[in-house]
Structures are given as structure tokens and as C-alpha cells.
Amino acid sequence: MPRTRSPLTPANKSPTSLAQKLAQIGLRNDWDFALHLPIRYEDETRITRVRDAVAGVDCQVEVEIFHTEVTFRPRRQLVVQTRDGDDVLYLRFLNFYGSQVKQLTPGSRLRLFGEVRPGFFGVEMVHPRYRLVALDESVPEALTPVYGTTAGVSQTAIRRVIDRALETLSVQRQFDDSVSASMRSALRLEPFGESVFALHRPSPSASLSSLAERTHPAWRRIKFDELLSQQLAMKKARAARDAKSAPVMKPRNEISKSMLALLPFALTDAQRRAAAEISADLAKTHPMQRLLQGDVGSGKTVVAALAAAQAIENGFQVAMMAPTEILAEQHYRKLSELLKPIGVIVTWLTGSLKAKQKREAIAAIGDGTTQLAIGTHALFQDGVNFANLGLAIIDEQHRFGVGQRLALREKASMVEEAHQLMMSATPIPRTLSMSYFADLDVSIIDELPPGRTPISTRLLADSRRDELLERIRAACSAGGQAYWVCPLIEESEKLQLQTAVDTFERIATEFPDLRVGLVHGRMKPTEKNEVMQKFIANEIQLLVATTVIEVGVDVPNASIMVIEHAERMGLSQLHQLRGRVGRGAKQSACVLLYQSPLGALAKARLKVIYESTDGFEIARQDLLLRGPGEHLGARQSGAPLLRFADIERDVDLLDAARDTATWMLENDVTNADKHLARWLGSRQHYLKA
Ligand code: ADP
Ligand code: MG
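Calculation rules
- Residues numbered from 1 in each chain as written.
- Chains lettered and ligands numbered in written order.
- Predicted model: local features only at pLDDT ≥ 70, side-chain atom pairs only at ≥ 80, totals over all residues.
- Heavy atoms only, no water.
- Helix = DSSP H or I, 4+ residues; strand = E, 2+ residues; numbered from the N terminus.
- Buried < 20%, exposed > 50% of the residue type's maximum accessible area, 1.4 Å probe, protein only.
- Contact = heavy atoms within 4.5 Å.
- Areas by Shrake-Rupley, 256 points an atom, 1.4 Å probe, with all protein chains shown as cover.
- Pairing = 2+ DSSP bridges.
- Right-handed = clockwise from strand over helix to strand, strands pointing away.
- Salt bridge = Lys/Arg side-chain N within 4 Å of Asp/Glu carboxyl O.
- Near = heavy atom within 4 Å.
- Polar contact = N/O pair within 3.5 Å; in protein donor to acceptor, adjacent residues only side chain to side chain.
- 1 Å grid on protein atoms, 1.4 Å probe; cavity = no way out; pocket = protein on both sides within 12 Å on 5 of 7 lines; lining within 4 Å.
- Sits in = over half its atoms within 2 Å of the grid points.
- Nonpolar A, V, L, I, M, F, W, Y, C, P; charged D, E, K, R; others polar.
- Phe/Tyr/Trp six-rings, centres within 6.5 Å; stacked < 30°, edge-to-face > 60°.
- Lys NZ or Arg CZ within 6 Å of the ring centre and 35° of its normal.
- Points joined across faces, edges and corners; volume = space filled by probe spheres on them.

Draft legend 1. A look at the overall build of the chain. Each helix and strand in the chain was counted, giving 25 helices and 22 strands. Taken over 689 residues, the chain has a buried fraction of 53%. Look at the contacts in the chain between residues 6 or more apart in sequence, and 76% of them connect residues 24 or more apart. Of the roughly 30700 Å² that the chain leaves accessible, carbon and sulfur atoms contribute 52%.

Following this line, the structure appears as C-alpha cells:
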């Protein structure tokens, strides 16, 4: 069988540069092109008279040129005057090539595609797509596909390349189906090759709406295939991991038992369950890859500490990494409290340590003195080498970038594959996590520790701040504490800093009788910690903060959370912020200050956060409001992977794909590999982060 060849063979003037441009958008081989499906379709099967064109609706018209000139008023542009019977239509091109001026000569006939509307000179089309045609040239019978492309590659060019790839693959008989006929009929799926062709070259009878909305049976098949490739890849990655060996760390109930005895509370059932799942994984011979999900305040830290204890009592080192220094410091403090009395050696390592301390920390980690290392991503930077890392715990894992997670993984493999425990307070709806993260195990803490009084949430228009100020004064005078979260300024870090400082000054003036503090992202970590320590000790009563306190901070005495310009924040952010309070026995309140008028989306978001305190429900609503792409981090959303399917809308296909993937890997490896090669080809590395 001939080798799959790039469809970009000579004929073209500068094939290399075209190929390079296409490679940049991920189009390299025949399958990349064949699966580069139209983003939409245009109906060129009809010609509309210029006089019948409707404003705001794209249509196709046919005209004859009678005058072409480059004018300079109101600005430099190419203006082409054309005629459709008695009607005159102006074409305007603000960017154009000399070759276009030569091509668009009087007497030529053009088919134009775009919107006809009133303009500067008269009825006009601006930058229409056009094609020179002969008199009486017939119109296409089918819809015209429009492809995603890149600068300098026209629709005509990309269409030609795709057509050539489809021809090559057909001639080579490569469109054989990776899903058997019996499975297809059980799943009501169209054949693969026919589906590909149906989307690139729709039949004249195909409905524009089912193609546009991607409900056409051919789309269904393509979405299924895309999900199948993703499930196959993840399951394979998982199998590869299962084939690796990791330290076997059986529960010895030494350190963990002493630790539990020291806890001032009993574990919740949910915590116990999660801890047992993790404990069982650690005793296995292959590396654990588990995500521990639990709402804010559900008590993930203790569960992580138990896992750490099990590793340590087996003689292995544990690394615990948090995304911010405040959070890492808090873990350091809490875990030291739990584990130091039992004699565990805990080491603190972040970027802000003084050179000497850093050297000492790195040495202790390297020679195995350290049993538990806690810090930021500094833990996994060059120069840090663990003597015998057994378990890596990553808190708020979604906050780390892909690069950092890869660095972590590489670090671990230098020793042996370490077990990995990831924690996240951003719940992913269960259906999604089970189906979508085929390469992760998930433990869920779905219960809050007892004795928490529910947080009351209030929405307050900014105009009613005065009432709020009174309330805060009263609460703080009675020994309570409050957070005041500054408005979020996403556009500029400098503005954000300014806003934080301004807010602090304003609040300090408004509360001359209270001890007010400020913490923001631009402060040095040591300064941040100092402020947090004062807040923990109730030396600061009212803490003005940017969203740096969003994750993890735990100060049980703080019972009021004020969020300014709540309408600017996302749902999970609001939920996280609100979770900073309601940690003690006191009745807590979260006040969402908003600036009216509210936009529709902001209103919908605030309504969700007002009505629900359940992180999973909020995540579900968030998904509905925003779509999964934004909900999960870049790698998790599979942004580069899922082009056609939508994991929420196509959940039935996702389930089918998952089951099919399992079956194929057990029974039909040839087709599984073929499927993966087609769909992922050179892209498989995306999945490994
Ligand atoms: P998160 O899951 O958000 O990381 P933490 O681990 O910080 O939550 O726990 C939140 C608070 O709840 C801490 O003060 C912790 O000591 C407390 N806590 C954890 N588990 C329990 C429990 N079973 N009973 C009572 N309090 C608990
Ligand atoms: Mg936490």
C-alpha cells in the first residue's frame, strides 16, 4: 500500500510555504485534512437579485463589472461598480492586491457572496467573497463548505488541498471503518467514510440546518469517532501507567494512627471513604493517579495528611505542592501541627526562602532527611532531587499550568514513578469526571464536617453600602472578623494593585476604630504571610484582600465575607471566596455587592450563587452558563482535542464511546490503533500532560 503522502505536491507555486502555514494550524497529513471538517456551509445553490437582497442576510448575487478604480476618499480603497440588470452594486475592498485590480476588469462577470447593504456610494458589498464566472455558468447543486483556515490560505486553496487528500485516501481505500458494522447498527452510527464525504461534500438534498447545527447523522458519527479517539488515548495512557511500577506502601497504621488520635475531631464518613480509596491505591504496585474532589471546607487536608502518613511510615518521602505561597504556608503550618509531634521531619521550600535556608532545605530533601516537603512549585525545580519520593500531593491542581504538572511528572520518574494525589475544590460534575477523565480515578468528599452553620448569602446593591458598614463594625467589635474582597480588574495587574490599595485606604478611613489589613498578589510572600498570621491571631479584624485568598485559606473566626463588584467574578471564584467563611460555629454571612444595572449573564450567575451553596450544583450551573471549555483548565477541556463533540450535549455519545473504547482495547487492538492514528496522529502528546 502506498505511503500516505502529503496532498501538497508541486502544481502550487510555493508548496512549502502553504504546507508550513497549514502545519501551523495542525494540518500535516492526509488524515488531518480529511478530518478538517467545515466550520459552516454557504448556500450558493441560488442566485438572489440585488434588489431582493435582505439586509443582514448573506446571499449570492451575480453581476457584471462596468467600472473599477482605486479611490482615496474617504480612504484608500478599491471600488468596483457592477450591474445586475438595472441595479447598480458597489463593491469595496479596503485591503486588496494589485492583482485583484487587474482581475476585476470591466466586462467580467462575478458571483458574489456576502451581505448587500446601503453604503457610502450606494447599495454595496464590502469585501465579498467572489468568483469570476462565465455567462450562464451553472450554480452548484450542493451547499458549499467553509473551512477554518489561516492568514494567507484562501478557501479555494484549502478546499483544493482537502479534496486532494480525500481523493488520495479513497484511491488507497483507506476509509474502511474502524467500528464494525454490527456495532454501528447497535449504536445507530453511519459508516465512517460516507460521513466524512457527506460533510465535505453535502448532497444537494442535505438540510442546511442539520449540517449547521451538527445534528446531521454524519456529524453524529464524526463526534462519536472524536470522543472514541479521546477515550482510547486516555485508556491507553492509563494502561501504560498501570504497567509501570511504583513503591508499594501498605498501611502500617503507625504514623497515621497517632495522627488520628491527635485530631480534635472524628473523620466524616466521606473522608473515611476517600482515605480508604487512597490507602488501597498506595498499596498497589503501579502509580496512583487520583483526583480528590471535595467542596471548599470539606476537609481534604486531613485526608491528604493520612496519605502522607502512609507513605512516610513505609519509609518514603512525600512532596506536597500548593499553587500559592499563602496556601503552601498554611499547609506547612497545619501538617506540622499534626505530624511534628509524632516525630515526622517536615521541610518547607518555596522560591522566597533565603539562599542559605533554601540550600539547607534542598540538601535535606536530597539526602532523605526530609520526610514531608511542603511548598510551591519550587519543590520541583531544577536542583531539587528527592532521595526516595513515594507520593506527590498537588493541592488545587487545576491552578497549576500544564508545564508545571509535566515538570512534576518528570521529577517523579527520575526516582521511580511516584504515586500522585491531586486535590481540587472546583468540583467537576460527576458524569463529566467519570466519563471524561478516563485516565484518572476520582474520590469525592460529598459531605461537610458536622457543626457548620450554613452561610447566609445576601445580594446588595452598591448603593446600600452604609448598612453593610454598620453591620461589619458591630460584628468586629463583638470579636468577629471579616474579609473584604476588592473588585477584580482583569485587564491590568497594575490597575488591580491600585484598586487594592485604594480600597484598603477607603476602608481604613471608613473604619477608623478597627484594625484593617491588606493582602494582595503583588506583595512579597513573607509580607503576605505576616499579614495572614496577624489575621489568624485576630490582630487584624478586617482584611482587605484581592482574590489571592480565593483558595484554601482557613481562618475559622472570620464570619463575614464581602465581595465588591461580585458581578465581575465567575461562579467558582465566588463559591471559593464564600467558602472562606462558615468555618467556625458562628453564623456566617457572605455579602455580594454589585453595581447595577446587571447584565443578563451576571444576573444569572449571582442568582445561582444566591440560591445554592452546593459546589457540585454550582459547577453544574456554571457548565450550563459557560460551557465545558471554560469550566475545565486548558488541558482538561481538551480544547486542542475536541473540535466537534460537546461533552455536555453529546453525553450519550460520550458514554457509547467510553464503552466502545473498553471493548476495542480488549478485543480489537488493530482497529483501536488505526482509529487513533487517524484521529490523533501527531497530536497524541497533548494527552500526556
Ligand atoms: P478543604 O477541603 O477546603 O481543603 P480543609 O481541609 O482546609 O478543607 O478543612 C476545613 C476545616 O475543617 C479545617 O479547619 C479542618 O480542621 C476542619 N475539619 C476537617 N475535617 C473535619 C471533621 N471531620 N470534623 C470537623 N472539622 C473538620
Ligand atoms: Mg484546601
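Next comes the rest of the write-up.
Draft legend 2. Region of interest: the pairing of strand β22 (residues 589-594). When you tally the buried positions in β22, you get six out of six residues, the bulk of the element. Where burial is concerned, the two faces of β22 agree: the one with Ala589, Val591 and Leu593 and the one with Cys590, Leu592 and Tyr594 are both buried. In the sheet, strand β17 (residues 456-461) pairs with β22 via six bridges, with the strands oriented parallel. Looking at the pairing, threonine 457 lines up with cysteine 590 of β22. In terms of strand pairing, strand β21 (residues 558-563) meets β22 through four bridges, oriented parallel. By the bridge assignment, isoleucine 560 is partnered in β22 with alanine 589. Following the chain from β21 across helix α19 (residues 571-578) to the adjacent parallel β22, one finds a crossover that is right-handed.

Draft legend 3. Spatial organisation of the pattern of salt bridges. All chains considered together, the criterion is met by 41 salt bridges. With a closest N to O distance of 2.7 Å, aspartate 43 and arginine 46 form a salt bridge. For lysine 674, the salt bridge identified is with aspartate 176, shortest N-O distance 2.6 Å. Of this pair, lysine 674 sits in helix α25 (residues 669-679) while aspartate 176 sits in the loop between α4 (155-171) and α5 (181-187), placing them 498 residues apart in sequence. Lysine 674 sits in the partly exposed class, given a relative accessible area of 26%. A residue is classified by how much of its surface remains accessible, and aspartate 176, at 38% relative accessible area, is partly exposed. Salt bridges linked by common partners bring Arg40, Glu42, Glu44 and Arg129 together as one network.

Draft legend 4. Representation of the site of ligand 1. Neighbouring ligand 1 are 17 residues, the closest being Gly297, Lys300, Thr301, Arg452 and Asp554. Interatomic distance of 2.8 Å between a side-chain N/O atom of lysine 300 and an oxygen atom of ligand 1. Contact distances for ligand 1 include 2.8 Å between an oxygen atom and a side-chain N or O atom of aspartate 554. Surface burial for ligand 1 is 86%, taken as the share of its 560 Å² of free accessible area covered by protein chains. Spatially, ligand 1 is embedded in the largest pocket. Across the shell around ligand 1, the residue classes tally to five nonpolar, six polar and six charged.

Draft legend 5. Region of the structure containing the packing of aromatic side chains. Considering all chains together, one arrives at eleven aromatic pairs under this definition. These aromatic residues form a ring-pair network of at least three members: Trp31, Phe175, Phe192 and Phe197. A cation over a ring is seen here: arginine 83 above phenylalanine 66, with NZ or CZ 4.3 Å from the ring centre. For the cation-ring pair, arginine 214 lies above tryptophan 219, with the distance from its terminal atom to the ring centre recorded as 4.4 Å.

Draft legend 6. Quick look at the layout of surface pockets. Empty space within the largest pocket amounts to approximately 730 Å³. Broken down by secondary-structure element, the contributors of at least two residues to the lining of the largest pocket are α11 (300-313) and α12 (325-339). Sort the elements by how many residues they give to the lining of the largest pocket and α12 lands first, with five residues.

Draft legend 7. View of the sheet that holds strand β8 (residues 129-133). Reading across the sheet, the seven strands line up as β6-β7-β4-β3-β2-β5-β8 and stay open at both edges, with mixed pairing between neighbours. Two strands in the sheet have a free side with no partner beyond their single neighbour: β6 (117-118) and β8. Pairing of strand β2 (residues 59-71) with strand β5 (residues 109-114), which is carried by six bridges, proceeds in the antiparallel orientation. Each bridged residue has a counterpart across the sheet, and for valine 61 the counterpart in β5 is leucine 112.

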